[in-house]
Amino acid sequence: MRNVSVIGAGTMGNGIAHVFAQNGHQVVLIDVSEAQLQKALKTIQKNLDRQLAKELITAEQKEATLQNIITESRIEKGVDAAQLVVEAATENEALKLELFKKADAAAPKDCILATNTSSISVTRIAAATGRPGQVIGMHFMNPVPVMKLVEVINGYATAQSVTATIVELSRKLGKIPALANDYPGFVANRILMPMINEAIYSLYEGVAGVEAIDIIMKLGMAHPMGPLQLADFIGLDVCLSILNVLYSGFGNPKYAACPLLVNMVASGKLGIKSGEGFYSYTQGSKGLVVSEKFR
């Protein structure tokens, strides 16, 4: 599977492109925004430089990785020679359905179509194509070059041969694949998001402050970062979107998003991406600084 196309040049897309290119695949990175494509290439180069400084790769491997990536603004041209397409657009079902319809129409008939969705139904996405047996979830974790897990999600119609191919490919990328079936949130976010939501409720109800909640979970449960910091890292809008998928899919009130999270997203406080969430993120600041709202 030499030729891989990645749709979406954001945080996840550039990380996925990086990993495939570093492992010898020819990658077409696709995005409608030329500015986003250039930003993605700079991010990949920066991350490769970090790997080089840590002696995880050689200078030759860095250059080979960069040479394995080309960019394209048109899906139709970007997927026309692909053996695998990985969609990594924003977590919006209508957008993903539109992208899959376009990719299905332009990609070779034997091409596998994968989605990096963290919660949206793989089965619904597959149904928008003429090849549902060749559609699968390939949920990478952020940051992609560092995190080992790939959650491989079978849609209702996904062929066993396709699953076997993606599992083996994930291993060849140096990842550890874990299989899940297509139910809301799959496994990772079905467990993670209620924990984050409960942490936000604990803040909302005055049980503890931001720092205390995160320290308790870090030191008491050996989590590498607290749930509120993690929510900022993921993006509060993404957390809300996933919780809404869980609530809609199961109809269970335990998945209802905390009103504080809803209000923060409505006010544009989305975490790292907006410069403020539960913490404030400013240029040159050292260490975590709790947002003024929660001091």
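Residues numbered from 1 in each chain as written. Predicted model: local features only at pLDDT ≥ 70, side-chain atom pairs only at ≥ 80, totals over all residues. Heavy atoms only, no water.

The chain goes by 3-hydroxybutyryl-CoA dehydrogenase in an unreviewed UniProt entry, where it is assigned to Niabella ginsenosidivorans. Of the comments in the UniProt record for the chain, the one headed Sequence similarities (unreviewed entry) reads "Belongs to the 3-hydroxyacyl-CoA dehydrogenase family." (UniProt positions renumbered as here; feature names shortened; annotations may be inferred.)

Engineer: Quick question: what am I supposed to make of the pairing of strand β7 (residues 149-154) here?
Structural biologist: On a regular strand, one side chain projects to one face of the sheet and the next to the other, so that they alternate. For β7, a buried count of five out of six residues is recorded, marking the element as mostly surrounded by other parts of the structure. Both strand β6 (residues 135-140) and β7 contribute to a ladder of five bridges, which runs antiparallel. The partner of Phe 140 across the bridge, within β7, is Val 150. Here β7 runs beside strand β8 (residues 176-181); their pairing, made up of six bridges, is parallel. (Buried < 20%, exposed > 50% of the residue type's maximum accessible area, 1.4 Å probe, protein only. Helix = DSSP H or I, 4+ residues; strand = E, 2+ residues; numbered from the N terminus. Pairing = 2+ DSSP bridges.)

Engineer: It is not clear to me how the UniProt feature "binding site: NAD(+)" (unreviewed entry) in the chain should be interpreted in this structure. Could you clarify?
Structural biologist: The feature "binding site: NAD(+)" (unreviewed entry), as annotated in UniProt, sits at Gly 8, Ala 9, Gly 10, Thr 11, Met 12, Gly 13, Asp 31, Glu 91, Lys 96, Ser 118, Asn 142 and Lys 273 in this numbering. Looking at the element boundaries, Asp 31 is found in the loop between β2 (26-30) and α2 (34-53). Assessed through its relative accessible area of 15%, Asp 31 is described here as buried. Excluding anything up to four places from it in sequence, Asp 31 contacts Gly 8, Ala 9, Gln 36, Leu 37, Glu 72 and Ser 73. (Contact = heavy atoms within 4.5 Å.)

Engineer: Please clarify how the domain arrangement of the chain should be interpreted in this entry.
Structural biologist: A common way to state how big an interface is: give the accessible area lost once the parts meet. Here the chain is partitioned into domain 1 (3-181) and domain 2 (189-288). One C-alpha centre belongs to domain 1, the other to domain 2, and the line joining them spans 26 Å. With six residues of domain 1 in contact, the opposing surface of domain 2 contributes five residues. Summing both partners gives a buried area of about 490 Å² for domain 1 against domain 2, and 54% of it is carried by carbon and sulfur. Run the count over domain 1 and domain 2 and you get zero salt bridges. The interface formed by domain 1 and domain 2 includes two residue pairs in polar contact (both at pLDDT 80 or more). Taken together, the residues that form the side of domain 1 that touches domain 2 break down as one nonpolar, four polar and one charged. (Domains from an automatic or database assignment. Buried area = accessible area lost by both parts, 1.4 Å probe. Salt bridge = Lys/Arg side-chain N within 4 Å of Asp/Glu carboxyl O. Polar contact = N/O pair within 3.5 Å; in protein donor to acceptor, adjacent residues only side chain to side chain. Nonpolar A, V, L, I, M, F, W, Y, C, P; charged D, E, K, R; others polar.)

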